[in-house]
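Read off the chains here:
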Amino acid sequence: MSEIPAKATESTDPLDGARTEAADDAAARVRSGEPPSGDAMWQSSPPGSIYDYIKVASFSIGPDGLVEQWSLRAEQLFGIPAQHAVGMDPIEAFIDPDLRAQGQRKMAEILDGREWTGVVPFRVPPSAADGECGREGLAEVYVMPTRTEEGEKAAVCIVVDVRTLRSIETDLAASQAIFGQSPFGFVLIDPDLRVRRVNYRFASLFGGSPDDHRGRGVHDYLPRPEAERVSATLRRVLETGDSITDMHVTGFLPGSDERRHWSINLYRVRSGSGRPIGIAWLGTDITARRAAAREAAAARRNLALLNEAGARIGNSLDLETTARELLDVVVPGFCDLATVDLYQGLLAGDETPPGLADGSAELRRVAFASAVSDAPFIGSGDPVPVGAVHHYPFNSPCADALRTARPQYIPAEEGGLVQSTLAVPMVAHDTVVGLAQFARTKGSEPFGDRDRDLAVELAARAAVCIDNARLYRREHERALILQRSLLPPGDPVASGLDIACRYLPGNSSADRPSEVGGDWFDVIELPGHRTALVVGDVMGRGLRAAVAMGELRSAVRTLALLDLEPAEVLSALDEIARGLGAPGGVQQATRAARRPREADLSEVYLATCVYAVYDSVTRRCTFANAGHLPPVLVEPGEDALMLDVPPGMPLGVGGEPFEEVEVELPEGALLALYTDGLVESRDHPLDEGLQAFVGALTDPSAPLEDVCDHVLNTLDTLHGEDDIALLMARVQGLPADSVGDWTLPREPRSVGRAREYTRGQLLSWGLEPLVDTTELLVSELVTNALRYGEGDIRLRLLLDRTLVCEVWDSGLVQPRRRRARDTDEGGRGLQLVGLLSAAWGSRRTPRGKTVWFELPLPDGQNGMVDPAEALLSLF
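Attention in this report is confined to the structure presented alongside it. In every chain, residue numbers begin from 1 and rise along the written sequence. Local features in this predicted model are restricted to residues of pLDDT 70 or higher, and side-chain atom pairs are both shown and tallied only at a pLDDT of 80 or more, whereas totals for entire chains, interfaces and linings draw on every residue. Side-chain descriptors were evaluated using all non-hydrogen atoms of the structure, hydrogens and water having been removed beforehand.

### Focus: the state of the cysteines
Here is step 1 of the chain: To count as a disulfide, a pair of cysteine sulfur atoms needs to be within 2.5 Å. Using the criterion set out here, one finds zero disulfides in the structure.
Here is step 2 of the chain: Here cysteine 708 stays free of any disulfide, with the sulfur of cysteine 501 as its closest cysteine sulfur at 7.4 Å.
Here is step 3 of the chain: When accessible area is computed with a 1.4 Å probe and restricted to protein chains, residues below 20% of their type maximum are described as buried, those above 50% as exposed, and intermediate ones as partly exposed. Taking relative accessible area as the criterion, cysteine 708 reaches 0% and is therefore assigned buried.

Here you go:
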C-alpha cells in the first residue's frame, strides 16, 4: 500500500535508487530462502510489484468534505493534477447528477466517523487533462475516518480502478487455468535456474506434487551432458531474451529405462516493468512422434532402396554380374557386409540344382562386398573367397535357410566384428537358387522385422533376375550348340581350292544381347573334283532363325548331291523357304501361292544366299544369287572387285527365276563370300562397309588365315550387332598332267581302247595298284554307254586327292542300279561298280549325262577290294 502523501505531489528523496537496490537484494534473499535484513524490511517495493498492475490511488477529504490532499497515483487514475483536484467537492466533481444526493448522504456518514467500502461509478470532470474529460469509470473506494491536527473529523480514501482489477483477476484466472490444465509440461524457472513452479502434467511425469519440484535444477531431471546443454541454453535465453522453439531433449523418467524424447520451447518472462524474472519452459513428449518419424524414414529409405534395386538389378543377363548388382545396392545402404552364394549345379547348367532337400549342396561364392576396410568374409568357419566352392553343414542356420526357404538370423560370434547377420534364401518361381547373407557390424542398428522383410524382397528380386539369366544362358547355349552343329566341322577341304573361313556369332545386341542368328556357310564336294561354295543369311535372330538356317543348309547339301545347276538349287531352296512358314509344308505353300492370302509375317522365313560351283579342271565358277551381297574377286596383281552377279529375290519370296553367271578364275585368284554383318552395322552404312572390305583385300598371295584375320581387324565390324560369316577360297586349278581326257567313237573296239588309255595313264601316275580295278570299272561304264547311250563317248581321268573316272555320252537316260536275279546273265555291272569304288553316280550335263566313280589313292592304310572276290560276291 502506498503511503499517504503530504502536500507535495512528487518525491525528491536522493535515496530512492539505494532503496531500489536494497529491495532487489531483499527479493533475492527471499528467493534463496534467507530472512531479509532489518533495513530491507523498511524499503519500498521494487518495480514490478503488484501495485504496478492494480493502480492503487489515495486522496484525503477535509472536515468540509472537500479534497484536501491528492496523490500522484490519483493524478494517473483520474487524469486531474493536484492543483486542480485540491479543494474540489468529490461528489460534485466525479459523481453523476442522478447519484449525487445519495453520494452526499454517504459523505455525511463518512465525516461522521464511519468506515465505508463500496463500488462507486464516476465520471472525469471537465478540468481533467485532454482526452480524459467525460471518461466514465468504476472505482472501488475504501474510506477510513481520521482527524486533523485540530481534532476535526476527516477521511482518507483508498481507490482502486475496478476495471483494471477485474482484468487482472481475469488474466490471473486464465493464467492459472492455462498453467494448471495444460496437457504439456509447464515449468517456471527463476533467474538462478531453479524451479519456481510446475504444473500437474509435469509433476505427473516426474512424480510427486507440484510443490515437491520447487527449488530443483535441470540436473535433477536430465543426464549430465544433456543437463549442461539445456542449462547453457537457459542462460542464453535469460541473457538475450531470444526464445527457443522445438529444442529436442533426451532423458529418462523416474523408474524407467526407456529413453524419452521431449520438444521444449523456452522464452523469457518479464515483470510489468519489463524486468526479467525467469524463464518459461513448455515441454511436449515426442517419443511416439520420433518413433513414427523413424518408422516413416525407414519406410521411405526401404522404398528408395527397392526402387534402386529395380533400376540396377537385372540389367545384365549374366549370373555373376546380377549377384554383384545386388550387393552394389545393399552395401552400404542396407548393411555393412554381404555375400551371394549360388548353387554350383545351377552355374554348371543343370536344370534343377541338387541338394535342395537338405540345403547341403555345393555352392559357389560369386560375390562379396564390404563397407568396412579389411573386413573378413562373414560366416563361421574358414573364410570363403569369391569363386570358391563350398557347402554349409546340415545343422547350420544357412543350411536351414536353404532347406526351408525362410530367412534365418545368425548369432554373432564373441569378439567378432559382426553383431547381426541375416541369411536369406534366394527364391525364384518356388525354386531356391542360392543364398544371400547380409551383416551389420557393431555400432550399427541390429536387423529388425522390417529389415528382414526388406532383405527377403531384395533377395527375391535378385533371384528372379538370376533365374532369368540362368534360363537365358541355357537357351543361348543350346542355340549356339545347334547353330555351330549346323556349320561345317573343322577346316573345310576342297579340290583345287585353298579354303579359310570365319564365323563370329553376335553377342552384344542392345535389345537382344547374345541372341544367335541365321548366318551360315558351307563347302560341299561335288563329283568330278568340283566344289560348291555356299553362304547364306536367314533374316531375323533367335532360335527360330537358327532352326530355319539348319533346315536350309540341310536342303542345300541334299540338292547339291543331286548335282543340280546353281539356279536350280536356289529355285528349289526358294520353294523350301516358303514351305517353312506354311502349316502344310512346301506343297501347301505352292498351292497357297496360286491364290491371294494374307500371310502371317511372324511365320514368313526369308533368307539370302549365294551358291557357286567351282570346277577345278577348267577353273570356271558358276554363280547364282538370291538377294545376297555380291562375291568379291581379287586377281593376282589387280585390285579387288565385286562380281556382277544378278542378285535375284531372297529365298521365300518366290515368283522370280534365278540367273547364273559363269566366270573363269585365274590361277592364284582370291574369292570371298560373306554376310552383311561384316560390312554393315548401326554406325556404318552398307556402301561404306563394302568399300572398306574391298580395300582390305590388298594381298591375295598372303596365307588365307592371315587374310581373314586382317579383314576382321581392319574393318570396324562391330560384330556384336550381327553374326559374321566369311568364306575365302584361293584358286589352285588341277594341273594339266593330272587330267587324262579322250574321245572314243561309238564302236565295240572303244571298250578295249578305253582300258588301254586307262592303264597307260595310271602307270604314268604311279598308280599301278589301281590299274586292274580301274580297267574293270572303266570297261563296265564304257560298255553301258555303248549299249544305252547316244553319240560319241568321252573318257576322263582326274587325279587329285582321289582318282575320279568319268564317262560322258549324249544320252539323257540316267543309269539305274538294280539287283540281278541268280538266273540273269547280265545286269550286274553297276553293282560291281558300287562294290569296287568308294563312290559312284551320274549327273546331267548340257549335252547329255556323265557317269562317274571314285577310287581312293593307295596309301598303305586303305585296303583295296579284290576284283575277283567282288565278282564272286555277286553270285
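From this point on, the discussion continues.
### As for the packing of helix α10 (residues 287–312) against helix α11 (residues 319–330)
Here is step 1 of the chain: Helix axes use the C-alpha atoms of the stretch in contact, all axes being lines fitted to C-alpha atoms, and the angles between their N-to-C directions lie in the range 0 to 180 degrees. Runs of H or I in DSSP of at least four residues are treated as helices and runs of E of at least two as strands, each being numbered from the N terminus. Between α10 and α11, whose axes approach to 10 Å, the crossing angle comes to 155°. By the angle between their directions, the pair α10 and α11 is classed as roughly antiparallel. Handedness of the crossing formed by α10 with α11: right-handed. Where α10 abuts α11, its residues Leu305, Glu308, Ala309 and Arg312 lie against Glu325, Asp328 and Val329.
Here is step 2 of the chain: Each residue is assigned to one of three groups, with Ala, Val, Leu, Ile, Met, Phe, Trp, Tyr, Cys and Pro labelled nonpolar, Asp, Glu, Lys and Arg labelled charged, and all others, Gly among them, labelled polar. Its residues assigned to classes, the contact of α10 with α11 shows three nonpolar, no polar and four charged. Here roughly perpendicular refers to angles of 65 to 115 degrees, roughly parallel to angles under 35, roughly antiparallel to angles over 145, and oblique to all remaining angles. Each helix crossing is assigned a hand: it is left-handed if the near helix lies turned anticlockwise from the far helix by less than a right angle, otherwise right-handed if that turn is clockwise. A contact between two residues is defined here by any heavy atoms of the two lying within 4.5 Å.

### Comments concerning the pairing of strand β10 (residues 276–285)
Here is step 1 of the chain: Here strand β6 (residues 185–189) runs beside β10; their pairing, made up of five bridges, is antiparallel. Paired with valine 187 across the strands is tryptophan 281, a residue of β10.
Here is step 2 of the chain: Being paired, for any two strands, means DSSP has found at least two bridges between them. Two strands pair when backbone bridges link them, and strand β9 (residues 259–270) and β10 are joined in this way by nine bridges, in the antiparallel orientation. Bridge pairing in β10 places arginine 268 opposite isoleucine 279.

### Describing the nonpolar core
Here is step 1 of the chain: Here, nonpolar core means buried Ala, Val, Leu, Ile, Met, Phe, Trp, Tyr and Cys residues that are tied together by side-chain atoms lying within 4.5 Å of each other. If you look at the biggest cluster of nonpolar residues, it comprises 56 residues, and the most contacted ones within it are Trp520, Leu533, Leu573, Tyr611 and Leu727.
Here is step 2 of the chain: A per-element tally of this core places helix α15 (residues 543–561) first, with eight residues.
Here is step 3 of the chain: In contact with leucine 727, not counting residues within four places along its chain, are Ile499, Ala500, Cys501, Phe521, Asp522, Val523, Leu533, Val534, Val535, Leu671, Ala672 and Leu673.
Here is step 4 of the chain: With 50 residues, the next largest nonpolar core counts Val331, Cys398, Leu402 and Ile410 among its residues.

### Details of the side chain of glutamate 226
Here is step 1 of the chain: On the secondary structure map, glutamate 226 appears in helix α9 (residues 224–240).
Here is step 2 of the chain: We call two N or O atoms a polar contact when they sit within 3.5 Å, provided that within protein one can donate a hydrogen and the other can accept it, with sequence-adjacent residues counted only if both atoms are side-chain atoms. A polar atom in the side chain of glutamate 226 sits 2.6 Å from the side chain of arginine 229.
Here is step 3 of the chain: In contact with glutamate 226, not counting residues within four places along its chain, are His248, Val249 and Thr250.

### Some remarks on unusual backbone geometry
Peptide bonds are mostly trans, and most non-glycine residues show a negative phi.
Here is step 1 of the chain: With omega at 5°, the peptide bond leading from valine 331 into proline 332 counts as cis.
Here is step 2 of the chain: Here proline 332 lies in the loop between α11 and β11 (337–343).
Here is step 3 of the chain: The phi dihedral of leucine 193 falls on the positive side, at around 60°, and the residue is not glycine.
Here is step 4 of the chain: Within the secondary structure layout, leucine 193 lies in the loop between β6 and β7 (195–198).
Here is step 5 of the chain: If you check the backbone angles, histidine 529 has positive phi at about 50° while not being a glycine.
Here is step 6 of the chain: By secondary structure assignment, the location of histidine 529 is in the loop between β18 (517–526) and β19 (530–541).

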